[in-house]
Amino acid sequence: MRTTTRAAKLSAIGMSVALFLAACGSDSKDDASSSTTAGDQTTTTTGDAGTTTGQAVDPADNGGRKDGDGELVIGAVLPQTGKLAPLGTPMIKAVEMAVDDINEAGGVLGKPIKLIVKDDGGGGNDDLAATSVDQLINNEKVDAIVGAAGSSTTKSVIDKITSAGIVECSPSNTGSDLSSWPDKGLYFRTPPADDLQAPALAKAISDDGKQNVAIIAQNTDYGTGFVEFLEPALVDSGANITENVTYDINGTSFDAEVEKIVGSEPDAIALIGYPEDGGKVLAEMLKQGVDFSETTIYVTDGMNDNELYKQVDESKPDVTEGIKGTAASAAPENGAAWFPDAFKAYAPEVESPIYSAQAYDCVMAIALAAAKADSDAPYDIAATINGITSGTGDGAETCDSAEDCLTAIADGKEIDYDGASGALDFSEVGEPSAGSYDVYEFGADGAAEVQNQVVVGE
């Protein structure tokens, strides 16, 4: 079992993070908050926001394939090409690390896990994602698939996966509408949904004392879906929404949309986009006289990129200085303390750990469920996975490593797997019941540095 200190973990929280693609749309919730402080990091817990009541399926009625062959075979469909390729690298390495850790601890069903990695097209090639899924299902006979990365890509393949009776676990889908997808009880995810991140961003804005907030978002599922939860969360915090506009993600000019935002005279602007399009919006804001030191810009995980400045002014890394945002925690306060340093040692070439912890946990959840069920049949994995992440059995033993969890299972104990990405505690729809978010700020060198964490849903 790996160990490290809490101080080391908090240091790792400051590591930079990269791109993310998502899509969302669900119901917003009310929230109440309290705060605790640990060292230089402040963790804020926000109440019932984001609780989902989606496609809950009785584990005994899930649509998983019921036959197994005694060997757990996991496929991964994650970005190797396309605009999300930088996101794929840390997730793929984390998947490989989890498989290695399980296999070093004895494997599952007395055998090593077999892993096959395919490309999901990087968020812009759904045909490639579909081909990869077909190969994993028909040629490799996988029991479970980790991926896809983007929520929109997942939507293009989820029915294919679940219709084949295969378990799917995404390490980076945040689209809220996936909580209620008719997935036959086979779809799981380790990151929290956007209906949890929106209150986190609203809190970051209100904590800075901002009262007049303009919203500008790309006209996509991701942008409009996020705003669906952000606007009421801001209003609940006492903010006045001065303007709310959308823009064409493929547009070449954003002057009219930005003019509306600037004309509303906000003291803060929430921008929901990706680096390429969001960077152009930021450049237009500067062109129209917005001073980022006076009107604070707030973004989300979609723009948490240390090279964001290049999309605004490639010659000035400090052009994004002072921009703030939120993203799923790379090293959450309630996550496995040993993971950040262990992942850095396993994959020193990976510059950003974004969604590495969540990818690690997808594999661990699948493997531990298979070990607990003593079966590699997707039906048995799906029926077991929620229980081993929330410790529903009597006297469940909390564990956070492959060795400790597998040992407890071998001893006949119930387990509560607290993962690298947090306590997990999967809800009945197979996703975290709370979300931990980093609140970050861009510095003069263009890099994002974590300032504190916000926990939503507890």
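It should be noted that the structure appears before, not after, this text.
This is a predicted model, so every value here is computed, not measured.

Engineer: Please set out the side chain of D416 residue by residue, giving values where relevant.
Structural biologist: Looking at the element boundaries, D416 is found in strand 14 (residues 415–417). Of the buried charged residues, D416 lacks a salt bridge, with K372 as the closest side chain of opposite charge at 13 Å. If we skip the residues at most four places from it in the chain, D416 touches I388, T389, S390, G391, A396, E397, T398, C399 and D425.

Engineer: Account for the pairing of strand 16 (residues 448–456), naming residues and giving values.
Structural biologist: Along strand 16, 7 of the 9 residues are buried, which leaves the element largely enclosed by surrounding structure. Both strand 15 (residues 435–442) and strand 16 contribute to a ladder of 8 bridges, which runs antiparallel. Opposite E441, over in strand 16, you have E449 as the bridge partner. Taken together, strand 15 and the strand that follows it, strand 16, pair antiparallel across an intervening segment of 5 residues, in which G446 is found at a positive phi of about 90 degrees.

Engineer: An account of the state of the cysteines is needed here, citing residue identities and associated values.
Structural biologist: This structure, assessed with the given rule, holds 2 disulfides. At a sulfur-sulfur separation of 2.1 Å, the disulfide partner of C169 is C362. As the torsion about the S-S bond is roughly -80 degrees, the C169-C362 disulfide counts as left-handed. Placement of C169 in strand 6 (residues 167–170) and of C362 in helix 11 (residues 356–373) is noted, with a sequence separation of 193 residues between them. Of the two residues, C169 and C362, neither departs from the other in class, the shared state being buried.

Engineer: Lay out helix 6 (residues 221–236) in plain terms, naming residues and giving numbers.
Structural biologist: For helix 6, built from 16 residues, the straight-helix expectation of 22 Å at 1.5 Å per residue is met to within 8% by its first-to-last C-alpha distance of 23 Å. E228 marks the point of greatest bend in helix 6, at about 30 degrees, and the proline P232 comes within the next four residues. Residues Y222, G223, G225, F226, V227, F229, L230, A233 and L234 constitute the buried set of helix 6. Each element contacted by the buried residues of helix 6 is listed here: helix 5 (194–207), strand 8 (212–218), strand 9 (240–247) and strand 10 (268–272). Just past helix 6, the residue G238 takes up positive phi, approximately 100 degrees.

Engineer: Which residues make up the pairing of strand 5 (residues 144–147), and what values do they have?
Structural biologist: In regular strands, side chains alternate between the two faces of the sheet. Here strand 3 (residues 73–78) pairs with strand 5 via 4 bridges, running parallel. Note that in strand 5 the partner of A76 across the bridge is V146. As defined by bridge partners, strand 5 adjoins strand 6 across 3 bridges and the pair is classed as parallel. Bridged to I145 within strand 6 is E168. Where the polypeptide runs from strand 5 across helix 4 (residues 151–163) and back to strand 6, its parallel neighbour, the crossover connection is right-handed.

About the thresholds
In every chain, residue numbers begin from 1 and rise along the written sequence. Local features in a predicted model are, by the rule used here, given only for residues with pLDDT of at least 70; side-chain atom pairs are given and counted only at 80 or more, and totals for whole chains, interfaces and linings are based on all residues. Note: side-chain values were computed over all heavy atoms of the structure, leaving out hydrogens and water. Each helix is a run of DSSP H or I of at least 4 residues and each strand a run of E of at least 2, with the numbering of both proceeding from the N terminus. The cut-offs for exposure are 20% and 50% of the maximum accessible area for each residue type, with area from a 1.4 Å probe on protein chains only; residues under the lower value are buried, those over the upper are exposed, and the others partly exposed. In this charge count, Lys and Arg are treated as positive and Asp and Glu as negative; neither His nor the chain ends contribute. Take a side-chain nitrogen of Lys or Arg and a carboxyl oxygen of Asp or Glu: if they are within 4 Å of each other, that pair is a salt bridge. The contact definition used throughout considers only heavy atoms, calling two residues in contact when any of these lie within 4.5 Å. Two strands pair under a simple rule: DSSP has to find at least two bridges between them. Criterion for a disulfide: a pair of cysteine sulfur atoms at a distance within 2.5 Å. In a helix, the anticipated span is given by 1.5 Å times the number of residues less one. Two axes define the bend at a residue: one fitted to the seven residues ending there, one fitted to the seven starting there, and the bend is the angle between them. With its strands directed away from the observer, a crossover is right-handed exactly when the path from the first strand over the helix to the second travels clockwise.

Remember, this is a structural readout, not a statement about activity or role.
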